[in-house]
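Coordinate analysis (summary)
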Amino acid sequence: MFSSEHKPTLWRVLPQIEELLTAWELKLGDNRFKPYHAAISDGIEKIKKYYNKMDARPAYILSLASHPWFKLDYFEHQWGGAKEQQEDIRNGNPYAKNWQDEARKVLEKTMEVYWQRMKDDTASTPIPRSPTTPEAAKPSQGSVMTSFARHHQARMGRQEEEGWAAEMRRFLRKIENGVSPDTEIIKWWQDHATDYPILSRIALNVLPAQASSVPCERLFSASKQAADDRRARLGTDKFEQTQIMKFAWREGVTDYAAINSSRIEECDLDEYVNMLGHDMLELQLDAGFRTGSAFRLKHASL
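Nothing here was measured: the structure is a model prediction, and the numbers come from that model. (Residues numbered from 1 in each chain as written. Predicted model: local features only at pLDDT ≥ 70, side-chain atom pairs only at ≥ 80, totals over all residues. Heavy atoms only, no water.)

**So, the packing of helix H1 (residues 13-28) against helix H2 (residues 37-53)**
- Between H1 and H2, whose axes approach to 10 Å, the crossing angle comes to 155°. With respect to their mutual orientation, H1 and H2 come out roughly antiparallel. Once H1 is placed against H2, the crossing between them reads as left-handed. Packed against H1, whose contacting residues are Leu 14, Ile 17, Glu 18, Leu 20, Leu 21, Trp 24, Glu 25, Lys 27 and Leu 28, the element H2 presents His 37, Ile 40, Ser 41, Gly 43, Ile 44, Ile 47, Lys 48 and Tyr 51 at the interface.
- Partitioning the contact of H1 with H2 into residue classes produces 10 nonpolar, three polar and four charged. (Axes fitted to C-alpha atoms, helices over the stretch in contact; angles between N-to-C directions. Helix = DSSP H or I, 4+ residues; strand = E, 2+ residues; numbered from the N terminus. Parallel < 35°, antiparallel > 145°, perpendicular 65-115°, else oblique. Left-handed = near helix turned anticlockwise from the far one by under 90°. Contact = heavy atoms within 4.5 Å. Nonpolar A, V, L, I, M, F, W, Y, C, P; charged D, E, K, R; others polar.)

Structure below.
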């Protein structure tokens, strides 16, 4: 589940671990699994140890919040929102949290950072001006338009500050059509980058991250087949090119050994029975020849 080489897997981590924890907790309350309760409890504690560490990694929350199928609804459904928070407070837990709101804060903070970077990149890129184009006439201080100009500038400033917030509200409010957990999420964000310019940057930075190092370790293990003693002078550039071509063409290479091993060969047993009969006859003749030769040698010596 987490070791795919072709699909993003980071967004799968929280749902899969929570599903595993739920399944094991149900078995812990089932008397049919009583002999294994100690082992199940140890397994649950080990999973919770790493599960709790994810709180310090916003990438796991961002991977779900930026997924058009889950968004922030997942956290309300699985972890609880404002309603669940009030119930926990009434039940005596003054430190209860609105987990949907906590996930929203992570998304807001990240979008604000990306928005500021986007503004800085835009400001650092000079826009060429035509020497023949006259600059816009500035209203004089005594003009009737002066107050409106200041008002217009203030509105522009507020629009810039609220840009990321408006984009986030628009994304969270809209129910995307044709989206499912199996959607090619990277392609979806590439197609919708113009609709959500800030969120697309976050998504395309976070979602491609793999949840497991298995694909990377698999690549290292496969590299020893190319970097052996017979290719000691291959060089780094050619070695890199060889690895890229091997993994790019791997899916299109026909494995004839696997095809041959999967085929069922039909055999005529009568033919093999006759061959066995001939072999047995030859063994008997050879045994009789050796016995006759030994008898003749014995009498010749007498």
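**Concerning unusual backbone geometry**
- At Lys 71, a position not held by glycine, the phi torsion is positive, near 55°.
- Relative to the assigned elements, Lys 71 resides in the loop between helix H3 (58-65) and helix H4 (73-78).
- Of the residues examined, Lys 71 reaches a relative accessible area of 4% and is grouped as buried. (Buried < 20%, exposed > 50% of the residue type's maximum accessible area, 1.4 Å probe, protein only.)

**Remarks on a nonpolar patch on the surface**
- Taken together, the side chains of Met 245, Trp 249 and Val 253 define a hydrophobic patch exposed on the protein surface, amounting to about 340 Å² of accessible area.
- With respect to the element layout, Met 245 can be found in helix H12 (residues 236-249).
- Take Met 245: its relative accessible area is 38%, and that puts it in the partly exposed class. (Patch = residues over 30% accessible without salt bridge, like charges linked within 9 Å, V, L, I, M, F, W, Y side chains within 5 Å. Areas by Shrake-Rupley, 256 points an atom, 1.4 Å probe, with all protein chains shown as cover. Salt bridge = Lys/Arg side-chain N within 4 Å of Asp/Glu carboxyl O.)

**Describing the side chain of Gln 243**
- Relative to the helices and strands, Gln 243 resides in helix H12.
- In contact with Gln 243, not counting residues within four places along its chain, are Leu 219, Ala 222, Ser 223 and Ala 226.

**Considering the packing of helix H11 (residues 214-223) against H12**
- Between H11 and H12, whose axes approach to 11 Å, the crossing angle comes to 115°. Handedness of the H11/H12 crossing: right-handed. Contacts from Leu 219, Ala 222 and Ser 223 in H11 reach Phe 239, Gln 243, Lys 246 and Phe 247 in H12.
- When its residues are assigned to classes, the contact of H11 with H12 shows four nonpolar, two polar and one charged.

**Some thoughts on the pattern of salt bridges**
- Throughout the structure, instances matching the rule amount to eight salt bridges.
- Glu 176 is the salt-bridge partner of Lys 174, the closest N and O atoms lying 4.0 Å from each other.
- Take Lys 174: its relative accessible area is 45%, and that puts it in the partly exposed class.
- Here Asp 228 makes a salt bridge to Arg 230, at a shortest N to O gap of 3.5 Å.
- The exposure class assigned to Arg 230 is exposed, which follows from its relative accessible area of 75%.
- Salt bridges sharing partners connect three or more residues here, namely Lys 71, Lys 174 and Glu 176.

**Remarks on H1**
- Given a rise of 1.5 Å per residue, 16 residues ought to cover 22 Å, and the 22 Å separating the end C-alpha atoms of H1 matches this to within 8%.
- Residues Val 13, Leu 14, Pro 15, Ile 17, Glu 18 and Leu 21 constitute the buried set of H1. (Expected span 1.5 Å × (residues − 1).)

**As for a negative patch on the surface**
- Together, Asp 73, Glu 76, Glu 84, Glu 87 and Asp 88 line one region of the surface with negative charge.
- Elements that contribute at least two residues to the negative patch include exactly H4 and helix H5 (82-90).
- Counting residues per element, the negative patch draws most heavily on H5, at three residues.
- Tracing the backbone through its elements, the reader meets Asp 88 in helix H5. (Lys, Arg positive; Asp, Glu negative; His and termini not counted. Charge placed at Lys NZ, Arg CZ, Asp CG, Glu CD.)

**Describing the confidence of the model for the protein chain**
- Across the protein chain, the average pLDDT comes to 80, with 79% of residues at 70 or higher.
- Per-element confidence in the protein chain ranges from a low mean pLDDT of 54 for helix H7 (residues 146-161) to a high of 92 for helix H10 (residues 197-206). (pLDDT = per-residue confidence, 0-100.)

**Overview of the nonpolar core**
- The biggest cluster of nonpolar side chains holds 39 residues, and the ones touching the most others in it are Ile 17, Leu 64, Phe 75, Leu 107, Met 111, Trp 189 and Leu 199.
- Of all elements in the fold, only H1, H2, H3, H4, helix H6 (99-124), helix H8 (163-173), helix H9 (185-191) and H10 reach the threshold of two or more residues within this core.
- Once residues within four sequence positions are removed from consideration, Phe 75 is found in contact with Ile 61, Leu 64, Ala 65, Gly 80, Trp 99, Gln 100 and Ala 103. (Core = buried A, V, L, I, M, F, W, Y, C linked by side-chain atoms within 4.5 Å.)

**A closer look at the environment of Phe 70**
- Within the element layout of this structure, Phe 70 appears in the loop between H3 and H4.
- Taking relative accessible area as the criterion, Phe 70 reaches 12% and is therefore assigned buried.
- Separated by 111 residues in sequence, Phe 70 and Pro 181 have C-alpha atoms that sit 8.2 Å apart.
- Not counting the four nearest positions on each side in its chain, Phe 70 is found in contact with Trp 11 and Leu 64.

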